[in-house]
Amino acid sequence: MMYAEIALNVPLRSTFDYHIPPELEGQLEPGQLVQVSFRTAMQPGIVLRVKETSDIRQTKPILALLDARPVLDSEQIALAYWMSEAYLTPVGACLWLYLPPGIAGKSDLLVHLLQENPTDLKPLEAQIVALLQRRGSLRGQQLNMALPGRNWRGAVDTLAKLDIVRKEQVLAPPRVRPKVVRTVTLAIHPDQVVHVARHLGRASKQADLLEVLAAMPDDLTTVEQVLHTAEASEPTLRKLEKEGLVTIRRGEGDSKNARLTVSLSIPRESVDEALITLRKGEKYLHILKVLARENAPMDVSWLYAQTEAKLADLKRLEEEGLVILGETEAWRDSLAERDFVPSVAPPLTPEQESAWAGIESKIKGWDWGRVDKEGENIFLLHGVTGSGKTEIYLRAIEHTLAQGRQVIFLVPEIALTAQTIRRVASRFPGRLAVAHGRLSDGERYDTWRRARDGLVEIVVGARSALFTPFPDVGLIILDEEHDHSYKQDVDAGIPYYHSLRVAEVMMRRNDGALILGSATPDLETALRARRGDLQLLHLPSRIMGHRSRILELSEREGVVARYYPASAEDALTIDLPPVEVVDMRVELKSGNTAIFSHMLQDGLREVLARNEQAMLFLNRRGMNTYVFCRDCGYVDQCPRCDVPLTYHQYDERMRCHLCGYASQPRRMCPQCDSRRIKYFGAGTQHVEQELRRLFPQARVLRWDADTARTPRAHEDLLQSFMDRQADVLIGTQMVAKGLDLPLVTLVGVVNADVGLGLPDFRAGERTFQVLTQVAGRAGRGLLGGKAIYQTYQPEHYVIQAAAAHDYEGFYAQEIEKRREMGYPPFRRLVRILLQFQSETKAHAEAERAAELLRRQIAQLGLTATEIIGPAPCFFAKINNVYRWHILLRGPDPIHALAGVTIPHGWYVDIDPVDVL
C-alpha cells in the first residue's frame, strides 16, 4: 500500500498521512489537489509527497483526485515549508496562498430522503421533506437558501434519527469554474448569405408568387400559369403589381380574348432582397451578415448587442443548417476592454544609466549563475520622487522577458495599480494581467489559470500577486518598498508574512533579481544597503522630461512651460519642490481659527487664478474626528471599539473607522442631557466644505475610502483629475503614493502632525515618509510647484527633515534612536496579540502567555531576549473583541516560542510592522 502526505488548510501545523486507494495508484504526485475526510467533514488537500510507509497505524483513504494537473510545483511547496517555519504557521495556510479563492469547495452536508410519506412531523420537518420530495437530494447551501433564518439543521438531525432522511458529509462544488460562453458560427459561405436568407422569416403568398415568377425563364409568362404554379390568387398578384415588383400586360389581338402576361419589374439580382422584405426576414439577414463579417465563432452576447437577436432566432438558423451553435471557454480579464497607447523607451539620463548598469550587469543574459552571496541579486533603488525609477523597472522587465522569464510587479495600494498598469501595458501590450483582492473570484481564478498556462508574462498587483503561479519568475519589483501594506496583518489572516522577505527567498531560490524602489526607504532596508547586504543604487535628481515630451504636454494642456531643456536629446532635471512650514500656533495667536493658514489660502488663490491644480492632504476621512459634550466632556464612542466615532456629513451618520459601526448623530448628551454637543477636528469632508466656502468657484474632488470603494472608482477619480475636470484634489494617504500629476503646482498638508504622537516606535518614520511622499506630488511637471506643511510642532526633527527633503539627516537621527532603544533593525520583535470577546479572558490569557514565555526564556537560557508587557493594545477593543499584547525583543526572539502550541485566541506576528 502507498501513502500520501497531505496538507490541509486548517489551523494545525501538522500534515496528515492518507493511504492511496487502488483506483488512484500511480496517479498521484506532489502538488495535486485531492479530497479527503478530516474528522467529521470533507476537506480539499494538497499532496506533499508520495511514500511507501507511514508511521500512522490506521489511515483514511484519499477519496478523490480533484485536478489531474498539479496546482503547485516543487519550488512553491518548498517556499511554503520555509514560510511555515519562518512565521510559525501551518504549511497548509502557506500553500493556499498560491490558490485562487473558490478553486476548492468547502465541506457541506448532503441530505437524502429515505421515506416518501412520513407522518407526525413538525411544520419545519414537513417543509424539509416536501423540499426533498420536489427537488431531490439537497446540499446544506441549498437548504440555507430555501429556508433562510430557519434552524433546519436541528430538524434534519431529528429526521435522521427517525431514519426519514440520511445525512452525508460532502465537498461542495468549487465556487469558480472556467467561464463558458455560447458561441455562434456561420455554417455557409459568406457569399451565400443573401441568397439563403430569402427563405427565412414568416410565410408570405406574395413572396411565394414572386419566387415562382423569378424562376420562370420566359419574361412573358401568363398570369394563369403563374397563379397555377404558385397556387396563388389574382389579388395577391395585384398586390405585387401595386408594390412595383411585377408588371401585368394584356396580350395582342382581340382585347377580350387576349391573355394577361406578367413579368418582373425589378432586376433578377434584386429578387432575393425583395423576398427577404416580403417575408420580414431582415432580422435574419442582419444576423447572417454580422456573422459573415466576423468569419469566426462569435460570443452570442456580442451578436445580441449588435442585432437584437434572440436565442430562438439562432436555433431556427441552426435548424436550417445556416449557423452552428457551440460553447467555448472565455477568460475573465479586467483589462480586456482597455486600450493602451503604445510607447517607446526614452533615452536614460546619466544617473539612470548608472543605476541601470548596476542592474543590467546582473540580469542581462542571466549568465551570472547561482545567487551565491546573499543580497547580490537585491537592488535598493533609492530615488527621489520623480527621479525616473519606473523607467528602470521597465528596462529590467524588458530584459527579463527577453530571457523567457516572468515578472511580478507589486504596488502597495490597489489605487496605484491603474497608473502602473498603464505604464507597463503601453510598453508591453497584451503581456500582463492584474492580481489583487478586489477582483471577482472569477477574474482571480482566470488570472491564476493564464499565468499557470504561460499566457501572460507580467502580473501587476498588490501583496497577493506575489503568489502568482508563474513557471519561472526572474524578476520581482516592490515599488514604494517602505510601505507597511506589504506586511500581511492579523485582520487579513495567516500567515502574517512580509512580501519583501518572501520575495527575497523566492529570488534567491530561483536565481532571479529583486528591485526595491522608494524615495524614503524603510530604515531596516536602508541599513542593510549601507552594510553592503544588498546593492544600493541612487537616483538623486528629479526628472521633468525630455524636450519633446515637455512641448507635447504644453500643447496638450494649453499651458506655457516654465522650464525647457537645452536640446531635444536632453532631459531636464529640476529641484524638488520647496516646502514652507506654517506654525499653526502663530496662526491661532493672530486670530485665524480656520482649517487653512493664510499662506495656504494665498497659495490656493494663486493656483486657481493661474488655472493650475492643487492637492490637499489630510490623513483622516470624515467631517469631524470626534463629537463631545462641552458641559460634562462626554465623547461619543463606538460601542464595539471604544474609539471616538467620526461624523460623516454626506449621509449624516456617526461612523467607526475600525469596525464600520454607524449611528445617528446625537442632539443631546446621554450623560448629562445637555444640548451643547460640539463637533471637533477636521476630516476630509470638513476640508472639502471649508474649501468650497472659501473658493466657491473651485472644482473640488475628494478621494478617500468613502468616495472610492472599488478599483474602478479609484481609477475614475484619478482620471477625472488628470483630465482637468477638477482644480483641487482632497485626499488621504492614497494621494501621497506614486502618482504622477504634472499640473499640480501646490500641495497642502492640512495637519502634518497626524501620527507623530502614536505609541509606535515607527511613528516618526511613517510620518516622515508620508510627508515626503505627498510633497513629492508637487512640481513634477512643466510648471514647477511647492508644498506647504501646517503643523503645531514646526521644530520637530521629522517635520524639519521632511521639509528639507533630507532623508540622510532623518536617517542619521532616527537610526541612532533605534539603536539606543534596541528596536529594529538592531533587534527583532515578535508580537503576541491576544483577542477575546471577554475583557477578563483577554487579560488573563495575556498574563498566562507572559508567564509561559518567562519560563521558556529561562529554561532555554535566552538571556538577550526580553518581554515587554503584557498590556492592552492602543486600540484595546475592536468590534467587541478585547485586545492585549506582548512584545518579545531580542536577537532572534522567535526561539522563545520553540515547542509552544499556539492556543486559540493567540496571534503570533513575527517582525511586526504595527504594534498598536
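Above: the structure in question.
Thresholds, definitions, all that
Residues numbered from 1 in each chain as written. Predicted model: local features only at pLDDT ≥ 70, side-chain atom pairs only at ≥ 80, totals over all residues. Heavy atoms only, no water. Helix = DSSP H or I, 4+ residues; strand = E, 2+ residues; numbered from the N terminus. Buried < 20%, exposed > 50% of the residue type's maximum accessible area, 1.4 Å probe, protein only. Pairing = 2+ DSSP bridges. Contact = heavy atoms within 4.5 Å. Axes fitted to C-alpha atoms, helices over the stretch in contact; angles between N-to-C directions. Parallel < 35°, antiparallel > 145°, perpendicular 65-115°, else oblique. Left-handed = near helix turned anticlockwise from the far one by under 90°. Nonpolar A, V, L, I, M, F, W, Y, C, P; charged D, E, K, R; others polar. Phe/Tyr/Trp six-rings, centres within 6.5 Å; stacked < 30°, edge-to-face > 60°. Expected span 1.5 Å × (residues − 1). Salt bridge = Lys/Arg side-chain N within 4 Å of Asp/Glu carboxyl O. Core = buried A, V, L, I, M, F, W, Y, C linked by side-chain atoms within 4.5 Å.

A. Layout of unusual backbone geometry. With omega at -10 degrees, the peptide bond leading from Ile-494 into Pro-495 counts as cis. Backbone geometry at Arg-724 places phi at a positive 65 degrees, although glycine is not the residue there. Looking at where Arg-724 falls in the secondary structure, it is placed in the loop between α24 (711-722) and β33 (728-731). Residue class for Arg-724 comes out buried when judged on its relative accessible area of 17%. Even without a glycine there, the phi angle at Asn-880 is positive, about 65 degrees. Inspection of the secondary structure assignment puts Asn-880 in the loop between β37 (866-878) and β38 (881-890).

B. Representation of the sheet that holds strand β11 (residues 221-222) in the model. Strand order in the open sheet made by the three strands is β11-β13-β12, with antiparallel pairing throughout. Each having just a single partner strand, β11 and β12 (246-250) make up the two edges of the open sheet. Inspection of the sheet shows β11 paired to strand β13 (residues 260-264) by two bridges, in the antiparallel sense. The residue of β13 that forms the bridge with Thr-221 is Val-262. Against the sheet, helix α9 (residues 234-242) engages β12 and β13, with an angle of about 115 degrees to β12.

C. Representation of the packing of helix α15 (residues 389-402) against helix α16 (residues 417-427) in the model. Put simply, α15 and α16 touch, their axes get as near as 11 Å, and they point 45 degrees apart. Judged on the interaxial angle alone, α16 and α15 are oblique. Crossing of α15 over α16 shows right-handed handedness. Here Thr-390, Glu-391 and Leu-394 of α15 come into contact with α16, specifically with Arg-423, Val-424 and Arg-427. Along the lines of polarity and charge, the residues of the contact of α15 with α16 split into two nonpolar, one polar and three charged.

D. Representation of the packing of aromatic side chains within the structure. The full count for this structure, using the stated rule, is 12 aromatic pairs. For the pair Phe-761 and Tyr-823, a centre-to-centre distance of 4.5 Å together with 10 degrees between the ring planes defines the contact as stacked. Linking Phe-761 in the loop between β34 (744-749) and α25 (763-775) with Tyr-823 in the loop between α27 (807-821) and β36 (828-836), this pair joins segments that are 62 residues apart in sequence. Ring centres of Phe-768 and Phe-810 lie 4.2 Å apart, and the angle between their planes is 5 degrees; this geometry places the pair in the stacked category. One end of the pair, Phe-768, is in helix α25; the other, Phe-810, is in helix α27, and 42 residues separate them in sequence. A relative accessible area of 1% means that Phe-768 is categorised as buried.

E. Local environment of helix α17 (residues 441-452). Helix length check: α17, at 12 residues, gives a terminal C-alpha distance of 16 Å against a target of 16 Å (1.5 Å per residue), a fit within 8%. Taken across its 12 residues, α17 has nine buried, putting it largely inside the fold. Listing the buried residues of α17 in full gives Gly-442, Tyr-445, Asp-446, Thr-447, Trp-448, Arg-449, Arg-450, Ala-451 and Arg-452. For α17, the elements touching its buried residues are β6 (64-67), β10 (179-186), β15 (323-330) and β18 (432-435). Positive backbone phi, at 75 degrees, marks Gly-454, one or two positions downstream of α17.

F. Focus on the sheet that holds strand β8 (residues 138-139). On the basis of which strands lie adjacent, the open sheet formed by three strands has the order β8-β7-β9 and antiparallel pairing. Of all strands in the sheet, those with a lone pairing partner are β8 and β9 (165-171), marking the two edges. Judged from the seven bridges that link them, strand β7 (residues 107-113) and β9 form a sheet pairing that is antiparallel. Following the sheet pairing, Ser-107 is matched in β9 by Leu-171. Those strands touched by helix α3 (residues 123-135) are β7, β8 and β9, and its axis lies near 85 degrees from that of β7.

G. Up close: the pattern of salt bridges. Inspection of the entire model under this criterion finds 47 salt bridges. Note that Glu-866 is salt-bridged to Arg-827, the shortest N-O span being 2.9 Å. One end of the pair, Glu-866, is in strand β37; the other, Arg-827, is in the loop between α27 and β36, with 39 residues separating them in the sequence. A single salt-bridge network, built from bridges that share partners, covers Arg-198, Asp-208, Glu-211, Asp-272 and Arg-279.

H. Representation of the environment of Tyr-811. Mapped onto the elements, Tyr-811 comes out in helix α27. By relative accessible area, Tyr-811 is classed as buried at 8%. It is 41 Å that separates the C-alpha atoms of Tyr-811 and Arg-693, two residues lying 118 residues apart in sequence. Those residues in contact with Tyr-811, other than ones at most four positions away along the chain, are Leu-523, Ala-526, Leu-527 and Arg-530.

I. Main features of the nonpolar core. Formed by 76 residues in total, the largest nonpolar core has its most connected members in Met-83, Leu-95, Ile-476, Leu-478, Val-502 and Ile-832. Top element by residues in this core is helix α28 (residues 839-860). It accounts for seven residues. For Ile-476, the residues in contact, after removing those within four places along its chain, are Ile-408, Leu-466, Ala-503, Met-506, Met-507, Ala-513, Leu-514 and Ile-515. Among the nonpolar cores identified, the runner-up in size contains 39 residues, and Leu-717, Met-734, Val-735 and Ile-815 belong to it.

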